[in-house]
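Chain residues, written in single-letter form:
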Amino acid sequence: MKGICILGATGSIGVSTLDVVARHSDKYKVIALTANTNVDALYDQCVAHHPEYAVVVDDAKAIEFKEKINNSNISDIKVMSGTNALEFVSTLENVDSVMAAIVGAAGLLPSLAAAKAGKTVLLANKEALVMSGDIFMQAVRDSGARLLPIDSEHNAIFQCMPAGYTAGDETKQVRRILLTASGGPFRETPVEELHDVTVDQAVAHPKWDMGRKISVDSATMMNKGLELIEACLLFNMSPDDIQVVIHKQSIIHSMVDYVDGSVLAQMGNPDMRIPIAHAMAWPERFESGVEPLDIFEVGKMDFEQPSLQRFPCLRLAYEAIKAGGIMPAVLNAANEIAVDEFLNERLKFTDIPVIIEQCMRRFSAERADTLEIILKADQEAREQSYIIIKELFR
Ligand code: NAD
Ligand code: MG
(Lines give C-alpha, C1' and ligand atoms only; values in the text may rest on other atoms or scores of the structure.)
(Ligands and ions follow the chains in the order given, each with its own letter.)
Protein backbone atom coordinates (compact mmCIF):
# COMPACT_ATOMS: atom_id res chain seq x y z
CA MET A 1 0.00 0.00 0.00
CA LYS A 2 1.45 3.37 -1.08
CA GLY A 3 0.57 6.70 0.47
CA ILE A 4 -0.20 9.50 -1.98
CA CYS A 5 -0.38 13.27 -1.53
CA ILE A 6 -2.22 15.16 -4.26
CA LEU A 7 -1.19 18.81 -4.60
CA GLY A 8 -3.95 20.59 -6.53
CA ALA A 9 -6.52 17.85 -5.91
CA THR A 10 -9.49 19.93 -7.04
CA GLY A 11 -8.06 20.70 -10.49
CA SER A 12 -8.42 18.79 -13.72
CA ILE A 13 -5.36 16.58 -13.06
CA GLY A 14 -6.26 16.17 -9.38
CA VAL A 15 -9.76 14.93 -10.22
CA SER A 16 -8.40 12.48 -12.82
CA THR A 17 -5.84 11.23 -10.28
CA LEU A 18 -8.54 10.55 -7.69
CA ASP A 19 -10.53 8.69 -10.35
CA VAL A 20 -7.54 6.37 -10.88
CA VAL A 21 -6.90 6.11 -7.12
CA ALA A 22 -10.52 5.00 -6.59
CA ARG A 23 -9.96 2.09 -9.01
CA HIS A 24 -6.92 0.92 -7.01
CA SER A 25 -7.80 1.47 -3.37
CA ASP A 26 -5.95 -1.78 -2.58
CA LYS A 27 -2.69 -0.16 -3.76
CA TYR A 28 -3.05 3.52 -2.90
CA LYS A 29 -4.12 5.29 0.27
CA VAL A 30 -4.77 9.05 0.09
CA ILE A 31 -2.75 10.78 2.80
CA ALA A 32 -3.26 14.43 1.83
CA LEU A 33 -5.34 16.53 -0.53
CA THR A 34 -4.78 20.23 -1.22
CA ALA A 35 -6.76 23.04 -2.85
CA ASN A 36 -6.36 26.77 -3.21
CA THR A 37 -9.92 28.04 -2.66
CA ASN A 38 -12.42 25.45 -3.93
CA VAL A 39 -13.58 24.15 -0.55
CA ASP A 40 -16.80 22.55 -1.83
CA ALA A 41 -14.95 20.27 -4.22
CA LEU A 42 -12.29 19.51 -1.59
CA TYR A 43 -14.97 18.61 0.95
CA ASP A 44 -16.57 16.10 -1.42
CA GLN A 45 -13.15 14.60 -2.12
CA CYS A 46 -12.51 14.31 1.62
CA VAL A 47 -15.80 12.47 2.09
CA ALA A 48 -14.95 10.07 -0.74
CA HIS A 49 -11.25 9.47 0.06
CA HIS A 50 -10.86 10.28 3.75
CA PRO A 51 -7.29 11.66 3.75
CA GLU A 52 -5.36 12.30 6.97
CA TYR A 53 -4.73 15.92 5.97
CA ALA A 54 -6.59 18.50 3.89
CA VAL A 55 -4.92 21.79 3.00
CA VAL A 56 -6.75 24.92 1.90
CA VAL A 57 -4.13 27.51 0.99
CA ASP A 58 -6.44 30.51 1.30
CA ASP A 59 -6.70 31.36 5.02
CA ALA A 60 -10.29 32.66 5.01
CA LYS A 61 -11.54 29.71 2.98
CA ALA A 62 -9.64 27.36 5.30
CA ILE A 63 -11.61 28.64 8.32
CA GLU A 64 -14.89 28.02 6.49
CA PHE A 65 -13.66 24.56 5.47
CA LYS A 66 -12.50 23.60 8.95
CA GLU A 67 -15.91 24.43 10.37
CA LYS A 68 -17.59 22.22 7.78
CA ILE A 69 -15.21 19.33 8.55
CA ASN A 70 -15.63 19.74 12.32
CA ASN A 71 -19.40 19.45 11.97
CA SER A 72 -19.20 16.29 9.87
CA ASN A 73 -18.46 12.64 10.51
CA ILE A 74 -14.97 13.12 8.99
CA SER A 75 -13.86 15.51 11.74
CA ASP A 76 -10.68 13.46 12.31
CA ILE A 77 -9.21 14.95 9.08
CA LYS A 78 -6.55 17.49 10.01
CA VAL A 79 -7.13 20.80 8.22
CA MET A 80 -4.22 23.11 7.49
CA SER A 81 -3.83 26.40 5.63
CA GLY A 82 -1.13 28.55 4.03
CA THR A 83 1.63 27.74 1.57
CA ASN A 84 3.90 26.14 4.19
CA ALA A 85 1.26 23.48 4.73
CA LEU A 86 1.78 22.36 1.12
CA GLU A 87 5.43 21.59 1.84
CA PHE A 88 4.47 19.92 5.11
CA VAL A 89 2.07 17.43 3.49
CA SER A 90 4.29 16.76 0.47
CA THR A 91 7.12 15.59 2.75
CA LEU A 92 5.15 13.52 5.31
CA GLU A 93 6.80 10.27 6.34
CA ASN A 94 3.93 8.06 5.14
CA VAL A 95 3.69 9.79 1.74
CA ASP A 96 5.44 7.71 -0.94
CA SER A 97 4.16 9.52 -4.02
CA VAL A 98 3.34 13.17 -4.59
CA MET A 99 1.13 14.17 -7.50
CA ALA A 100 2.39 17.68 -8.31
CA ALA A 101 -0.73 19.13 -9.95
CA ILE A 102 -0.87 22.73 -8.80
CA VAL A 103 -0.93 25.11 -11.75
CA GLY A 104 1.88 27.60 -12.23
CA ALA A 105 4.73 28.88 -10.08
CA ALA A 106 2.68 28.31 -6.91
CA GLY A 107 3.56 24.62 -7.24
CA LEU A 108 7.33 25.08 -7.26
CA LEU A 109 8.14 25.00 -3.54
CA PRO A 110 6.01 21.98 -2.56
CA SER A 111 7.07 20.02 -5.68
CA LEU A 112 10.72 20.77 -4.98
CA ALA A 113 10.24 19.86 -1.32
CA ALA A 114 8.88 16.47 -2.41
CA ALA A 115 11.89 15.98 -4.69
CA LYS A 116 14.31 16.92 -1.89
CA ALA A 117 12.54 14.51 0.47
CA GLY A 118 13.18 11.64 -1.95
CA LYS A 119 9.53 11.04 -2.85
CA THR A 120 8.24 9.58 -6.07
CA VAL A 121 7.26 12.81 -7.80
CA LEU A 122 4.49 12.49 -10.37
CA LEU A 123 5.06 15.75 -12.20
CA ALA A 124 2.17 17.49 -13.95
CA ASN A 125 3.16 20.99 -12.79
CA LYS A 126 5.48 21.76 -15.73
CA GLU A 127 5.91 25.41 -14.71
CA ALA A 128 7.77 24.28 -11.56
CA LEU A 129 10.34 22.39 -13.63
CA VAL A 130 10.62 25.10 -16.31
CA MET A 131 11.40 27.69 -13.62
CA SER A 132 13.84 25.75 -11.52
CA GLY A 133 15.44 23.59 -14.24
CA ASP A 134 18.74 22.07 -13.17
CA ILE A 135 18.06 22.81 -9.51
CA PHE A 136 15.01 20.56 -9.61
CA MET A 137 16.83 17.81 -11.52
CA GLN A 138 19.78 18.00 -9.12
CA ALA A 139 17.45 17.76 -6.11
CA VAL A 140 15.99 14.58 -7.60
CA ARG A 141 19.46 13.09 -8.12
CA ASP A 142 20.76 14.11 -4.68
CA SER A 143 17.85 12.68 -2.74
CA GLY A 144 17.30 9.57 -4.85
CA ALA A 145 13.75 10.70 -5.62
CA ARG A 146 11.97 9.12 -8.59
CA LEU A 147 10.67 11.59 -11.16
CA LEU A 148 7.85 10.34 -13.39
CA PRO A 149 6.32 12.66 -15.99
CA ILE A 150 2.54 13.10 -16.09
CA ASP A 151 2.38 15.57 -18.96
CA SER A 152 1.03 13.27 -21.68
CA GLU A 153 3.84 14.00 -24.15
CA HIS A 154 6.62 13.49 -21.62
CA ASN A 155 4.97 10.40 -20.25
CA ALA A 156 4.79 9.10 -23.83
CA ILE A 157 8.48 9.89 -24.41
CA PHE A 158 9.38 8.24 -21.10
CA GLN A 159 7.49 5.12 -22.18
CA CYS A 160 9.42 5.08 -25.49
CA MET A 161 12.84 5.53 -23.84
CA PRO A 162 15.28 2.61 -23.50
CA ALA A 163 14.43 0.06 -20.78
CA GLY A 164 15.54 1.17 -17.33
CA TYR A 165 15.68 4.83 -18.34
CA THR A 166 15.76 7.35 -15.49
CA ALA A 167 14.60 10.95 -16.03
CA GLY A 168 17.55 13.28 -16.57
CA ASP A 169 19.92 10.61 -17.91
CA GLU A 170 21.72 11.17 -21.18
CA THR A 171 20.92 8.70 -23.96
CA LYS A 172 23.30 8.25 -26.85
CA GLN A 173 20.81 5.90 -28.53
CA VAL A 174 18.26 8.64 -29.11
CA ARG A 175 18.66 10.95 -32.11
CA ARG A 176 15.71 13.23 -31.47
CA ILE A 177 12.39 13.63 -29.84
CA LEU A 178 9.22 14.36 -31.79
CA LEU A 179 7.04 16.36 -29.43
CA THR A 180 3.45 16.27 -30.63
CA ALA A 181 0.92 19.09 -30.29
CA SER A 182 -2.75 19.23 -31.18
CA GLY A 183 -2.36 22.80 -32.42
CA GLY A 184 -5.17 23.96 -30.14
CA PRO A 185 -8.41 25.69 -31.12
CA PHE A 186 -6.75 28.23 -33.45
CA ARG A 187 -4.68 25.88 -35.58
CA GLU A 188 -6.48 27.03 -38.73
CA THR A 189 -7.92 30.39 -37.69
CA PRO A 190 -6.64 33.11 -40.09
CA VAL A 191 -3.80 34.91 -38.25
CA GLU A 192 -5.49 38.33 -38.71
CA GLU A 193 -8.57 37.04 -36.81
CA LEU A 194 -6.61 35.94 -33.71
CA HIS A 195 -6.74 39.50 -32.40
CA ASP A 196 -10.44 39.19 -31.64
CA VAL A 197 -10.78 35.67 -30.24
CA THR A 198 -12.69 35.45 -26.96
CA VAL A 199 -11.78 33.74 -23.70
CA ASP A 200 -14.47 31.11 -24.29
CA GLN A 201 -13.02 30.30 -27.71
CA ALA A 202 -9.49 30.12 -26.31
CA VAL A 203 -10.33 27.72 -23.48
CA ALA A 204 -12.42 25.40 -25.69
CA HIS A 205 -9.71 22.91 -26.51
CA PRO A 206 -10.63 20.53 -29.35
CA LYS A 207 -9.11 17.39 -27.79
CA TRP A 208 -8.34 17.82 -24.08
CA ASP A 209 -10.47 18.93 -21.14
CA MET A 210 -8.08 20.92 -18.91
CA GLY A 211 -7.78 23.85 -16.49
CA ARG A 212 -8.20 27.37 -17.90
CA LYS A 213 -4.55 28.45 -17.75
CA ILE A 214 -3.17 25.45 -19.63
CA SER A 215 -6.05 25.71 -22.12
CA VAL A 216 -4.99 29.27 -23.03
CA ASP A 217 -1.37 28.07 -23.15
CA SER A 218 -2.47 25.40 -25.64
CA ALA A 219 -4.19 28.02 -27.78
CA THR A 220 -1.04 30.21 -27.91
CA MET A 221 1.16 27.09 -28.05
CA MET A 222 3.10 28.40 -25.05
CA ASN A 223 2.08 25.06 -23.59
CA LYS A 224 4.27 23.38 -26.21
CA GLY A 225 7.00 25.92 -25.51
CA LEU A 226 6.95 25.06 -21.80
CA GLU A 227 6.88 21.39 -22.76
CA LEU A 228 9.90 21.86 -25.01
CA ILE A 229 11.85 23.20 -22.01
CA GLU A 230 10.40 20.43 -19.83
CA ALA A 231 11.58 17.81 -22.35
CA CYS A 232 15.11 19.27 -22.52
CA LEU A 233 15.36 18.84 -18.74
CA LEU A 234 13.62 15.49 -18.30
CA PHE A 235 15.45 13.79 -21.16
CA ASN A 236 18.75 15.68 -21.13
CA MET A 237 18.32 16.83 -24.74
CA SER A 238 19.28 19.97 -26.62
CA PRO A 239 16.35 22.05 -27.94
CA ASP A 240 17.77 21.53 -31.44
CA ASP A 241 17.08 17.80 -31.06
CA ILE A 242 13.43 18.30 -30.24
CA GLN A 243 11.02 18.76 -33.13
CA VAL A 244 7.51 19.98 -32.42
CA VAL A 245 4.98 18.21 -34.63
CA ILE A 246 1.35 19.27 -35.03
CA HIS A 247 -0.77 16.12 -34.95
CA LYS A 248 -4.37 17.25 -34.76
CA GLN A 249 -5.89 13.87 -33.85
CA SER A 250 -3.95 13.74 -30.55
CA ILE A 251 -3.63 9.96 -30.68
CA ILE A 252 0.16 9.75 -30.77
CA HIS A 253 1.35 11.56 -27.64
CA SER A 254 4.98 11.91 -28.78
CA MET A 255 7.75 9.89 -30.43
CA VAL A 256 11.38 8.96 -29.88
CA ASP A 257 13.65 8.71 -32.93
CA TYR A 258 16.56 6.29 -32.34
CA VAL A 259 19.96 6.37 -34.07
CA ASP A 260 19.13 3.18 -35.98
CA GLY A 261 16.13 4.86 -37.63
CA SER A 262 13.48 3.25 -35.41
CA VAL A 263 10.79 5.69 -34.32
CA LEU A 264 8.82 4.64 -31.24
CA ALA A 265 5.46 6.24 -30.52
CA GLN A 266 3.04 5.93 -27.63
CA MET A 267 -0.63 6.08 -28.60
CA GLY A 268 -3.92 6.22 -26.77
CA ASN A 269 -7.15 8.14 -26.42
CA PRO A 270 -6.58 11.70 -25.22
CA ASP A 271 -7.40 11.16 -21.54
CA MET A 272 -4.97 12.13 -18.76
CA ARG A 273 -5.89 9.05 -16.75
CA ILE A 274 -3.54 7.09 -19.08
CA PRO A 275 -0.30 8.88 -18.11
CA ILE A 276 -1.52 9.17 -14.51
CA ALA A 277 -2.18 5.41 -14.27
CA HIS A 278 1.09 4.68 -16.04
CA ALA A 279 3.11 6.69 -13.53
CA MET A 280 1.14 5.43 -10.53
CA ALA A 281 1.59 1.78 -11.51
CA TRP A 282 5.17 2.15 -12.81
CA PRO A 283 7.09 -0.09 -13.36
CA GLU A 284 3.98 -2.30 -13.50
CA ARG A 285 0.75 -1.46 -15.34
CA PHE A 286 -2.83 -1.24 -14.13
CA GLU A 287 -6.20 -0.13 -15.47
CA SER A 288 -6.91 3.56 -15.94
CA GLY A 289 -10.61 3.45 -16.77
CA VAL A 290 -9.94 4.78 -20.29
CA GLU A 291 -11.74 3.18 -23.26
CA PRO A 292 -9.51 1.08 -25.53
CA LEU A 293 -8.28 2.95 -28.59
CA ASP A 294 -10.40 2.27 -31.68
CA ILE A 295 -7.77 2.52 -34.39
CA PHE A 296 -10.38 2.20 -37.17
CA GLU A 297 -12.32 5.13 -35.80
CA VAL A 298 -9.07 7.13 -35.83
CA GLY A 299 -8.68 6.09 -39.49
CA LYS A 300 -5.84 8.42 -40.39
CA MET A 301 -3.26 10.59 -38.71
CA ASP A 302 -1.79 13.91 -39.90
CA PHE A 303 1.53 15.55 -39.09
CA GLU A 304 2.65 19.08 -39.91
CA GLN A 305 5.28 21.62 -38.86
CA PRO A 306 4.09 24.44 -36.60
CA SER A 307 4.34 28.01 -37.88
CA LEU A 308 6.42 30.19 -35.55
CA GLN A 309 4.71 33.20 -37.11
CA ARG A 310 1.26 31.96 -36.07
CA PHE A 311 2.59 30.81 -32.70
CA PRO A 312 5.22 33.36 -31.53
CA CYS A 313 5.08 31.91 -28.00
CA LEU A 314 6.75 28.77 -29.29
CA ARG A 315 9.57 30.85 -30.77
CA LEU A 316 9.98 32.68 -27.44
CA ALA A 317 10.29 29.37 -25.59
CA TYR A 318 13.05 28.22 -27.96
CA GLU A 319 14.81 31.54 -27.31
CA ALA A 320 14.41 31.20 -23.54
CA ILE A 321 15.84 27.68 -23.30
CA LYS A 322 18.72 28.57 -25.60
CA ALA A 323 19.52 31.66 -23.51
CA GLY A 324 19.28 29.52 -20.37
CA GLY A 325 19.83 30.76 -16.81
CA ILE A 326 16.85 32.66 -15.44
CA MET A 327 15.26 33.18 -18.88
CA PRO A 328 12.83 30.21 -18.71
CA ALA A 329 11.62 31.52 -15.34
CA VAL A 330 11.17 35.00 -16.85
CA LEU A 331 9.26 33.53 -19.81
CA ASN A 332 7.04 31.56 -17.45
CA ALA A 333 6.31 34.46 -15.12
CA ALA A 334 5.46 36.88 -17.95
CA ASN A 335 3.23 34.22 -19.49
CA GLU A 336 1.39 33.62 -16.21
CA ILE A 337 0.65 37.35 -15.88
CA ALA A 338 -0.33 37.82 -19.53
CA VAL A 339 -2.62 34.75 -19.51
CA ASP A 340 -4.27 35.87 -16.29
CA GLU A 341 -4.91 39.32 -17.76
CA PHE A 342 -6.36 37.72 -20.89
CA LEU A 343 -8.61 35.43 -18.83
CA ASN A 344 -9.85 38.53 -16.98
CA GLU A 345 -10.51 40.24 -20.33
CA ARG A 346 -7.96 42.98 -19.73
CA LEU A 347 -5.71 41.94 -22.62
CA LYS A 348 -6.29 40.65 -26.16
CA PHE A 349 -5.17 37.15 -27.07
CA THR A 350 -2.48 38.50 -29.41
CA ASP A 351 -1.09 40.74 -26.65
CA ILE A 352 0.12 37.68 -24.73
CA PRO A 353 3.32 37.08 -26.77
CA VAL A 354 3.97 40.84 -26.97
CA ILE A 355 4.12 41.11 -23.16
CA ILE A 356 6.33 38.04 -22.85
CA GLU A 357 8.77 39.16 -25.54
CA GLN A 358 9.10 42.68 -24.11
CA CYS A 359 9.60 41.26 -20.64
CA MET A 360 12.32 38.87 -21.81
CA ARG A 361 14.13 41.80 -23.47
CA ARG A 362 14.42 43.48 -20.05
CA PHE A 363 16.39 40.62 -18.52
CA SER A 364 19.77 39.09 -19.28
CA ALA A 365 20.19 35.34 -19.01
CA GLU A 366 21.89 35.51 -15.64
CA ARG A 367 22.91 32.15 -14.19
CA ALA A 368 20.27 30.44 -12.11
CA ASP A 369 22.45 28.70 -9.55
CA THR A 370 20.19 29.07 -6.54
CA LEU A 371 16.50 28.94 -5.81
CA GLU A 372 16.69 32.50 -4.46
CA ILE A 373 17.90 33.80 -7.83
CA ILE A 374 15.02 32.03 -9.56
CA LEU A 375 12.37 33.27 -7.16
CA LYS A 376 13.73 36.82 -7.49
CA ALA A 377 13.65 36.61 -11.31
CA ASP A 378 10.09 35.26 -11.12
CA GLN A 379 9.02 38.16 -8.90
CA GLU A 380 10.78 40.82 -10.99
CA ALA A 381 9.41 39.45 -14.26
CA ARG A 382 5.88 39.64 -12.84
CA GLU A 383 6.45 43.27 -11.82
CA GLN A 384 7.95 44.11 -15.23
CA SER A 385 5.03 42.45 -17.01
CA TYR A 386 2.54 44.70 -15.22
CA ILE A 387 4.71 47.74 -16.03
CA ILE A 388 4.80 46.75 -19.71
CA ILE A 389 1.04 46.25 -19.78
CA LYS A 390 0.61 49.73 -18.33
CA GLU A 391 3.06 51.26 -20.81
CA LEU A 392 1.52 49.61 -23.85
CA PHE A 393 -2.16 49.29 -23.17
CA ARG A 394 -3.43 51.53 -20.40
P1 NAD B 1 -6.51 23.42 -12.77
O2 NAD B 1 -6.60 24.88 -12.88
O3 NAD B 1 -7.67 22.59 -13.20
O4 NAD B 1 -6.19 23.03 -11.24
C5 NAD B 1 -5.20 23.67 -10.51
C6 NAD B 1 -5.11 23.15 -9.09
O7 NAD B 1 -4.11 23.92 -8.43
C8 NAD B 1 -6.39 23.32 -8.29
O9 NAD B 1 -6.51 22.24 -7.40
C10 NAD B 1 -6.15 24.60 -7.48
O11 NAD B 1 -6.81 24.59 -6.24
C12 NAD B 1 -4.65 24.55 -7.27
N13 NAD B 1 -4.07 25.90 -7.20
C14 NAD B 1 -4.22 26.92 -8.07
N15 NAD B 1 -3.54 28.00 -7.65
C16 NAD B 1 -2.94 27.65 -6.48
C17 NAD B 1 -2.13 28.35 -5.57
N18 NAD B 1 -1.77 29.63 -5.76
N19 NAD B 1 -1.68 27.69 -4.48
C20 NAD B 1 -2.02 26.40 -4.27
N21 NAD B 1 -2.82 25.68 -5.11
C22 NAD B 1 -3.27 26.31 -6.19
O23 NAD B 1 -5.18 22.99 -13.52
P24 NAD B 1 -4.87 21.60 -14.27
O25 NAD B 1 -5.37 21.66 -15.66
O26 NAD B 1 -5.24 20.45 -13.42
O27 NAD B 1 -3.28 21.69 -14.38
C28 NAD B 1 -2.44 21.46 -13.28
C29 NAD B 1 -1.00 21.35 -13.74
O30 NAD B 1 -0.89 20.21 -14.57
C31 NAD B 1 -0.54 22.54 -14.61
O32 NAD B 1 0.79 22.80 -14.35
C33 NAD B 1 -0.71 22.04 -16.02
O34 NAD B 1 0.19 22.62 -16.91
C35 NAD B 1 -0.38 20.55 -15.84
N36 NAD B 1 -1.01 19.69 -16.85
C37 NAD B 1 -2.35 19.61 -16.94
C38 NAD B 1 -2.93 18.81 -17.90
C39 NAD B 1 -4.43 18.67 -18.00
O40 NAD B 1 -4.90 17.86 -18.80
N41 NAD B 1 -5.21 19.38 -17.24
C42 NAD B 1 -2.12 18.08 -18.79
C43 NAD B 1 -0.74 18.19 -18.67
C44 NAD B 1 -0.19 18.98 -17.69
MG1 MG C 1 1.04 18.12 -22.45
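Source: prediction; values computed, not measured.

Considerations on the domain arrangement of the chain
Here is step 1: When cut into domains, the chain gives domain 1 (2–149), domain 2 (152–269 + 302–322) and domain 3 (324–394).
Here is step 2: The partner domain 3 presents 20 residues to the 27 residues of domain 2 that form the contact.
Here is step 3: Approximately 1,900 Å² of surface area, both sides summed, lies buried where domain 2 meets domain 3, with 72% of it carried by carbon and sulfur atoms.
Here is step 4: The interface formed by domain 2 and domain 3 contains three salt bridges.
Here is step 5: When the shortest N-O distance is used, the salt bridge between D196 and K348 registers 3.4 Å.
Here is step 6: Remark: the boundary between domain 2 and domain 3 carries seven residue pairs in polar contact (both at pLDDT 80 or more).
Here is step 7: Counting residues per element, the ones that place at least two in the side of domain 2 that touches domain 3 are α8 (199–203), α9 (212–220), α10 (222–234) and α13 (312–323).
Here is step 8: At nine residues, α13 tops the list of elements feeding residues into the side of domain 2 that touches domain 3.
Here is step 9: The residue makeup of the side of domain 2 that touches domain 3, split by class, is 17 nonpolar, three polar and seven charged.

A short note on the pattern of salt bridges
Here is step 1: Here the structure, examined in full by the defined rule, presents 29 salt bridges.
Here is step 2: With its nearest N and O atoms 2.9 Å apart, the salt bridge here joins K126 to E227. In this pair, K126 sits in helix α6 (residues 126–143) while E227 sits in helix α10, placing the two residues 101 residues apart along the sequence. Here K126 and E227 have matching classes, each one buried.
Here is step 3: One salt bridge in this structure joins R187 and E188, with 3.6 Å as the shortest N-O distance.
Here is step 4: Given a relative accessible area of 19%, R187 falls into the buried group.

Some thoughts on the packing of aromatic side chains
Here is step 1: Counted under the stated rule, the structure contains six aromatic pairs.
Here is step 2: Centroid distance Y165 to F235: 6.2 Å. Interplanar angle 35°. Geometry classified as tilted. A residue pair is termed long-range when its members are at least 10 positions apart, and Y165 in the loop between α7 (152–160) and β8 (174–181) and F235 in the loop between α10 and β9 (242–246) qualify at 70 residues.
Here is step 3: Between F342 and F349, the ring centres sit 5.6 Å apart and the planes meet at 65°, which makes this aromatic pair edge-to-face.
Here is step 4: Of the residues examined, F342 reaches a relative accessible area of 2% and is grouped as buried.
Here is step 5: An aromatic cluster is defined as three or more aromatic residues linked by ring pairs; in this entry it consists of F158, Y165, F235 and W282.
Here is step 6: Taking NZ or CZ as reference, K78 lies 4.9 Å from the ring centre of Y53, over its face.

Overview of the side chain of K224
Here is step 1: Looking at the secondary structure, you find K224 in helix α10.
Here is step 2: A distance of 2.9 Å separates the side chain of K224 from the backbone oxygen of T180, its partner in a polar contact.
Here is step 3: Not counting residues within four places of it along the chain, the set of residues in contact with K224 comprises E153, L179, T180, A181, V244 and L314.

As for the sheet that holds strand β6 (residues 120–123)
In a beta sheet, neighbouring strands pair by backbone hydrogen bonds and run either parallel or antiparallel.
Here is step 1: Pairing in this open sheet of seven strands is parallel, and the strands run β4-β3-β2-β1-β5-β6-β7 from one edge to the other. Looking at strand neighbours, the two that pair on one side only are β4 (78–81) and β7 (146–149), the edges of this open sheet. Each strand axis lies, on average, 20° off the axis of its neighbour in the sheet, ignoring direction.
Here is step 2: Here helix α3 (residues 59–70) sits on the sheet in contact with β3 (53–56) and β4, set at roughly 170° to β4.

Some details on the sheet that holds strand β10 (residues 252–258)
Here is step 1: One open sheet accounts for four strands, arranged β9-β8-β10-β11; its pairing is mixed. In this open sheet, the two strands that pair with only one neighbour each are β9 and β11 (263–267). Averaged over all pairs of adjacent strands, the angle between their axes in this sheet comes to 20°, without regard to strand direction.
Here is step 2: Contacts from α7 reach β8, β10 and β11 within the one sheet, and its direction differs from that of β10 by about 40°.

A closer look at the environment of A338
Here is step 1: By secondary structure assignment, the location of A338 is in helix α14 (residues 327–343).
Here is step 2: Separated by 51 residues in the primary sequence, A338 and I389 have C-alpha atoms spaced 8.5 Å apart.
Here is step 3: Apart from the residues lying within four places of it in its own chain, the contact partners of A338 are L347, I352 and I355.

Cut-offs applied
Residues numbered from 1 in each chain as written. Chains lettered and ligands numbered in written order. Predicted model: local features only at pLDDT ≥ 70, side-chain atom pairs only at ≥ 80, totals over all residues. Heavy atoms only, no water. Domains from an automatic or database assignment. Contact = heavy atoms within 4.5 Å. Buried area = accessible area lost by both parts, 1.4 Å probe. Salt bridge = Lys/Arg side-chain N within 4 Å of Asp/Glu carboxyl O. Polar contact = N/O pair within 3.5 Å; in protein donor to acceptor, adjacent residues only side chain to side chain. Helix = DSSP H or I, 4+ residues; strand = E, 2+ residues; numbered from the N terminus. Nonpolar A, V, L, I, M, F, W, Y, C, P; charged D, E, K, R; others polar. Buried < 20%, exposed > 50% of the residue type's maximum accessible area, 1.4 Å probe, protein only. Phe/Tyr/Trp six-rings, centres within 6.5 Å; stacked < 30°, edge-to-face > 60°. Lys NZ or Arg CZ within 6 Å of the ring centre and 35° of its normal. Pairing = 2+ DSSP bridges. Axes fitted to C-alpha atoms, helices over the stretch in contact; angles between N-to-C directions.

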